[in-house]
Amino acid sequence: MKSATQIINYSESFYLSKIHYFKTLKPKINIHETAFVTALFRMGDIALSKDRYAYLWSESSIDVHAKRYSKAVSSYEPYAHCLRNRYFYDTLKKLITQNRIEVLIHFGCGFSMYPYLLANSLHYIEIDKSDVVAHKKEMTTIWEGEGKLPARNISYLEADFNLSSQDKLYEQIMALMNGRKSFILLEGVLFFLGKDDKKRLFELFGKLQEPDEYLGSVSFLPQLEKQFVFKKLIDYVEGNLEKNERFQYQTVADEFYLNLKGYELIDHQDTLSLSAYYEPKRILPKEEVLNEHMYLLKKTCIQ
């Protein structure tokens, strides 16, 4: 892990903090704001992302930030986020069809819309900072009532992934799982957590899951740190955060997943491989892409 400045105690990328943000546009951003930006990215190519409800999070001020971010970091970021959403959408849909999962537990859920894109037979557990889950719960309840979203069985849990103990969260999730088969999804989180936080989270996953349950995770490889596009990402985040919000970043080697106790790595994709699969005629300039890696793991033994 490389230190960019100081430490930030937030989970989903730069996604968390004051939800009242997008009422007015500001020159600086709070941590939660790219949760809205990511939703806007998914909206950009619905045929690819499969997120037909992302538009609900759209605001004119968000569009300004999204364009500024893409210009400063990489114009391929909207495409990359559509690919990531599509990969997990397809993966989850397949496992649901095969009756292999009954509960989707989304750590760092932000404003993703998986519960409304997938089967209503699942129980969805959405986990994030208190302000994020409160806002998401409020808005999705309103949209369900207005008929803009289908009704879903969703439980929302507040969490801080920086806490030294996750025992309370463990008890809450176990009570909701009620012995059912799970898929744990962790996306947009690891980049902004420290090594100890990462260790605690994956230990928690191991305690929550039984053999033949699934875990999906997203992270950057250490090699990406050498690329100019990664430096642009760091510079953008440091230069655009509110001055009281500092962060350290983390990249994760493949070996972490290959050697994860109690799990077997069964699929590994990245932005480039997904692009080649979903849009084979499209050529991406590798040096301009923030190449995210997606890992699918299966629990093999009890810890």
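Here, the structure is the one placed above.
Rules used throughout
Residues numbered from 1 in each chain as written. Predicted model: local features only at pLDDT ≥ 70, side-chain atom pairs only at ≥ 80, totals over all residues. Heavy atoms only, no water. Helix = DSSP H or I, 4+ residues; strand = E, 2+ residues; numbered from the N terminus. Axes fitted to C-alpha atoms, helices over the stretch in contact; angles between N-to-C directions. Parallel < 35°, antiparallel > 145°, perpendicular 65-115°, else oblique. Contact = heavy atoms within 4.5 Å. Nonpolar A, V, L, I, M, F, W, Y, C, P; charged D, E, K, R; others polar. Core = buried A, V, L, I, M, F, W, Y, C linked by side-chain atoms within 4.5 Å. Buried < 20%, exposed > 50% of the residue type's maximum accessible area, 1.4 Å probe, protein only. Phe/Tyr/Trp six-rings, centres within 6.5 Å; stacked < 30°, edge-to-face > 60°. Lys NZ or Arg CZ within 6 Å of the ring centre and 35° of its normal. Pairing = 2+ DSSP bridges. Lys, Arg positive; Asp, Glu negative; His and termini not counted. Salt bridge = Lys/Arg side-chain N within 4 Å of Asp/Glu carboxyl O. Polar contact = N/O pair within 3.5 Å; in protein donor to acceptor, adjacent residues only side chain to side chain. Expected span 1.5 Å × (residues − 1). Arc of directions from axis to C-beta.

**Observations concerning the environment of Glu238**
Phase 1 of the analysis: Along the chain, Glu238 turns up in helix 9 (residues 228-240).
Phase 2 of the analysis: Between the alpha carbons of Glu238 and Gln248 there is a distance of 9.9 Å; along the sequence they are 10 residues apart.

**Things to note about the packing of helix 3 (residues 60-72) against helix 9**
Phase 1 of the analysis: Running from N to C, helix 3 and helix 9 point in directions that differ by 140°, and their axes come no closer than 9 Å. Relative to helix 9, helix 3 is oriented oblique. For the pair formed by helix 3 and helix 9, the contact residues are His65, Arg68, Tyr69 and Ala72 on the first element and Lys232, Leu233, Tyr236 and Asn240 on the second.
Phase 2 of the analysis: A class-by-class count of the residues in the contact of helix 3 with helix 9 yields four nonpolar, two polar and two charged.

**Looking at the nonpolar core**
Phase 1 of the analysis: Residues Leu104, Phe183 and Leu290 are the most contacted members of the largest nonpolar core, which totals 64 residues.
Phase 2 of the analysis: Beyond its immediate chain neighbours, meaning those up to four positions away, Leu290 contacts Tyr69, Val73, Glu77, Phe220, Leu224, Val229, Phe230, Leu233 and Thr271.
Phase 3 of the analysis: One finds Val103, Phe161, Ile173 and Tyr257 within the second-largest nonpolar core, a separate group that totals 29 residues.

**Some words on the packing of aromatic side chains**
Phase 1 of the analysis: Going through the model one piece at a time under the given rule, you end up with 22 aromatic pairs.
Phase 2 of the analysis: Centre to centre, the rings of Phe107 and Phe161 are 5.8 Å apart; their planes meet at 40°, and the pair counts as tilted. With a gap of 54 residues between them, Phe107 in strand 1 (residues 103-107) and Phe161 in the loop between strand 3 (153-158) and helix 7 (167-177) connect regions that are remote in the sequence.
Phase 3 of the analysis: For the pair Phe256 and Tyr257, a centre-to-centre distance of 5.2 Å together with 85° between the ring planes defines the contact as edge-to-face.
Phase 4 of the analysis: Taking relative accessible area as the criterion, Phe256 reaches 22% and is therefore assigned partly exposed.
Phase 5 of the analysis: Judged by relative accessible area, Tyr257 falls into the buried class, the value being 0%.
Phase 6 of the analysis: One aromatic cluster is present, formed by Phe107, Phe161, Phe202, Phe205, Phe256, Tyr257 and Tyr295 through successive ring pairs.
Phase 7 of the analysis: We note Lys207 situated over the ring of Tyr170; from NZ or CZ to the ring centre the distance is 4.3 Å.
Phase 8 of the analysis: The ring centre of Tyr79 lies 3.7 Å from the NZ or CZ of Arg282, which sits over that ring.

**Some points on the sheet that holds strand 5 (residues 214-219)**
Phase 1 of the analysis: The sheet built from seven strands is open, its strands ordered 3-2-1-4-5-7-6 with mixed pairing. Each edge of the open sheet is held by one strand with a lone partner, namely strand 3 and strand 6 (263-270). Going from strand to strand, the sheet's axes swing by 15° on average, the running direction of each strand aside.
Phase 2 of the analysis: The sheet contact formed by strand 5 and strand 7 (residues 293-299) spans six bridges and is antiparallel. When the sheet's bridge partners are listed, Ser217 is paired in strand 7 with Tyr295.
Phase 3 of the analysis: Strands strand 1, strand 4 (182-186), strand 5, strand 6 and strand 7 of the sheet are contacted by helix 8 (residues 195-208), whose axis makes an angle of about 170° with strand 4.
Phase 4 of the analysis: Where helix 11 (residues 271-278) meets the sheet, its contacts fall on strand 6 and strand 7, and the angle it forms with strand 6 comes to roughly 70°.

**Quick look at unusual backbone geometry**
Phase 1 of the analysis: The phi angle at Asn178 is positive, at roughly 50°, despite the residue not being glycine.
Phase 2 of the analysis: Relative to the assigned elements, Asn178 resides in the loop between helix 7 and strand 4.
Phase 3 of the analysis: Phi angles above zero are rare outside glycine, and Asp212 is one such case at about 75°.
Phase 4 of the analysis: As for its placement among the helices and strands, Asp212 is situated in the loop between helix 8 and strand 5.

**Some points on the side chain of Asp270**
Phase 1 of the analysis: Looking at the element boundaries, Asp270 is found in strand 6.
Phase 2 of the analysis: Lys286 is the oppositely charged side chain nearest to the buried, salt-bridge-free Asp270, at an N-O distance of 8.5 Å.
Phase 3 of the analysis: Only 2.7 Å separates the side chain of Asp270 from the backbone nitrogen of Ser273, close enough to count as a polar contact.
Phase 4 of the analysis: Residues contacting Asp270, with those up to four places away along its chain left out, are Asn291, Glu292, His293 and Met294.

**What about the pattern of salt bridges?**
Phase 1 of the analysis: Using the criterion set out here, one finds 13 salt bridges in the structure.
Phase 2 of the analysis: For Lys67, the salt bridge goes to Asp63, with nearest N and O atoms at 3.2 Å. Here Lys67 and its partner Asp63 are both found in helix 3, four residues apart, which amounts to about one turn of the helix.
Phase 3 of the analysis: You can call Lys67 exposed: its relative accessible area is 55%.
Phase 4 of the analysis: A salt bridge links Glu279 to Arg282; its shortest N-O distance comes to 3.6 Å.

**Examining helix 6 (residues 130-145)**
Phase 1 of the analysis: For helix 6, built from 16 residues, the straight-helix expectation of 22 Å at 1.5 Å per residue is met to within 8% by its first-to-last C-alpha distance of 22 Å.
Phase 2 of the analysis: Along helix 6, the residues that are buried comprise Val132, Val133, His135, Lys136, Met139, Thr140 and Trp143. Down the axis of helix 6, the sector holding all buried residues measures 165°, keeping them to one side. In helix 6, those exposed residues whose orientation departs by more than 90 degrees from the buried face are Thr141 and Gly145.

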